[in-house]
Amino acid sequence: MRIALTTAHAATTPAAVARIVRAFLVSEEEFERITQRCLGYWADPRHQQPSAINHNDDSRGVYWSDPDGHSLEIITRPYGG
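Since we're looking at a predicted model, the values are computed, not measured. (Residues numbered from 1 in each chain as written. Predicted model: local features only at pLDDT ≥ 70, side-chain atom pairs only at ≥ 80, totals over all residues. Heavy atoms only, no water.)

Chemist: Explain the overall build of the protein chain to me, and be specific about the residues and the numbers.
Modeler: Per the secondary structure count, the protein chain includes one helix and four strands. In the protein chain, which comprises 81 residues, the share counted as buried stands at 32%. (Helix = DSSP H or I, 4+ residues; strand = E, 2+ residues; numbered from the N terminus. Buried < 20%, exposed > 50% of the residue type's maximum accessible area, 1.4 Å probe, protein only.)

Chemist: Talk me through the nonpolar core; I want residue IDs and the actual numbers.
Modeler: What tends to happen in soluble globular proteins is that the nonpolar side chains get buried as a cluster. The biggest cluster of nonpolar side chains holds eight residues, and these are Val26, Phe31, Cys38, Tyr41, Val62, Trp64, Leu72 and Ile74. Listing elements by their share of this core, those giving two or more residues are strand S3 (61–65) and strand S4 (71–75). If we skip the residues at most four places from it in the chain, Tyr41 touches Thr35, Gln49, Pro50, Ser51, Ala52, Ile53, Val62, Tyr63 and Trp64. (Core = buried A, V, L, I, M, F, W, Y, C linked by side-chain atoms within 4.5 Å. Contact = heavy atoms within 4.5 Å.)

Chemist: Describe the pattern of salt bridges, with residues and values.
Modeler: Under the defined criterion, the tally for this structure stands at two salt bridges. For Glu28, the salt bridge identified is with Arg60, shortest N-O distance 2.8 Å. Of this pair, Glu28 sits in helix H1 (residues 28–37) while Arg60 sits in the loop between H1 and S3, and the two are 32 residues apart along the sequence. Accessibility expressed as a relative area gives 38% for Glu28, which makes it partly exposed. Given a relative accessible area of 17%, Arg60 falls into the buried group. (Salt bridge = Lys/Arg side-chain N within 4 Å of Asp/Glu carboxyl O.)

Chemist: If you had to explain the environment of Val26 to someone new, which residues and values would you point to?
Modeler: Along the chain, Val26 turns up in the loop between strand S2 (20–25) and H1. Each C-alpha atom of the pair Val26 and Arg60 lies 9.8 Å from the other, and the pair is 34 residues apart in sequence.

Chemist: I'd love a proper account of the side chain of Ser71, names of residues and values included.
Modeler: Its location among the elements puts Ser71 in strand S4. The residues contacting Ser71, other than those within four sequence positions of it, are Arg19, Ile20, Val21, Arg22, Pro45, His47, Tyr63 and Trp64.

Chemist: Could you give an account of the side chain of Asn54, with specific residues and numbers?
Modeler: With respect to the helices and strands, Asn54 occurs in the loop between H1 and S3. For Asn54, the side chain forms a polar contact with the main-chain oxygen of Ala43, separated by 2.9 Å. What Asn54 contacts, discounting residues up to four positions off in sequence, is Ala43, Ser59, Arg60, Gly61, Val62 and Tyr63. (Polar contact = N/O pair within 3.5 Å; in protein donor to acceptor, adjacent residues only side chain to side chain.)

Chemist: Give me the pairing of S4: which residues, what numbers.
Modeler: A large share of S4 lies buried, amounting to five of its five residues. Where burial is concerned, the two faces of S4 agree: the one with Ser71, Glu73 and Ile75 and the one with Leu72 and Ile74 are both buried. Of the strand pairs in this sheet, S3 and S4 are connected by five bridges, and their pairing is antiparallel. Following the sheet pairing, Tyr63 is matched in S4 by Glu73. (Pairing = 2+ DSSP bridges.)

Structure, rendered in structure tokens:
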């Protein structure tokens, strides 16, 4: 499995660390396997579009939350590609 990791940091305040999004680049086949096993995912990082897939940048992508509340994302093409 080929995984490319991208980390986008949100604005932080001195008192707390904001939510972090980690994006993983996966193949179309891996995307299918992951979304079939994932219990809940969203098309957007704010989790406003449940059980939907985004098609940004000629790609497919979904988000879900890890136990600490940070977002994980899988995409089938790099951003801008």
